[in-house]
Amino acid sequence: MKTSLLIKVSFWLVVIGAFALLTPNPAWPEWLARMTLSTGIALGITTLVVRYRESKRKR
């Protein structure tokens, strides 16, 4: 349950960050959009690594 929620949050952070960077007249500062995008990517990678290690530990 936690893994699926973290993946969804990660996905939406990446989508929002990418959209904020790609808009022609952004409402957010560039540093905030980059921070949102990188946080989403880091959260997704971390979630997948932790899930992989837990599944490997169960075997």
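All of these numbers come straight from a predicted model, not from anything done at the bench. (Residues numbered from 1 in each chain as written. Predicted model: local features only at pLDDT ≥ 70, side-chain atom pairs only at ≥ 80, totals over all residues. Heavy atoms only, no water.)

### Quick word on the packing of helix H1 (residues 2-22) against helix H2 (residues 30-58)
Link 1 in the chain: Interhelical geometry of H1 versus H2 gives an angle of 155 degrees and a closest axis separation of 8 Å. For the element pair H1 / H2, the angle class is roughly antiparallel. For the crossing formed where H1 meets H2, the hand is left-handed.
Link 2 in the chain: Here the contact of H1 with H2 is composed, by residue class, of 13 nonpolar, eight polar and three charged. (Axes fitted to C-alpha atoms, helices over the stretch in contact; angles between N-to-C directions. Helix = DSSP H or I, 4+ residues; strand = E, 2+ residues; numbered from the N terminus. Parallel < 35°, antiparallel > 145°, perpendicular 65-115°, else oblique. Left-handed = near helix turned anticlockwise from the far one by under 90°. Nonpolar A, V, L, I, M, F, W, Y, C, P; charged D, E, K, R; others polar.)

### Here's the deal with the packing of aromatic side chains
Link 1 in the chain: A full pass over the atoms with the stated rule returns one aromatic pair.
Link 2 in the chain: Between phenylalanine 11 and tryptophan 12, the ring centres sit 5.1 Å apart and the planes meet at 75 degrees, which makes this aromatic pair edge-to-face.
Link 3 in the chain: Given the relative accessible area of 48%, phenylalanine 11 is considered partly exposed. (Phe/Tyr/Trp six-rings, centres within 6.5 Å; stacked < 30°, edge-to-face > 60°. Buried < 20%, exposed > 50% of the residue type's maximum accessible area, 1.4 Å probe, protein only.)

### Topic: H1
Link 1 in the chain: Along its 21 residues, H1 runs 30 Å from first to last C-alpha, staying within 8% of the 30 Å computed at 1.5 Å per residue.
Link 2 in the chain: By the burial criterion, the buried members of H1 are Ser10, Gly17 and Ala20. Buried residues of H1, viewed axially, fall in a sector of 100 degrees; they line one side. Along H1, exposed side chains directed more than 90 degrees from the buried face belong to Lys8, Phe19 and Leu22.
Link 3 in the chain: In the core, the buried residues of H1 are packed alongside H2. (Expected span 1.5 Å × (residues − 1). Arc of directions from axis to C-beta. Contact = heavy atoms within 4.5 Å.)

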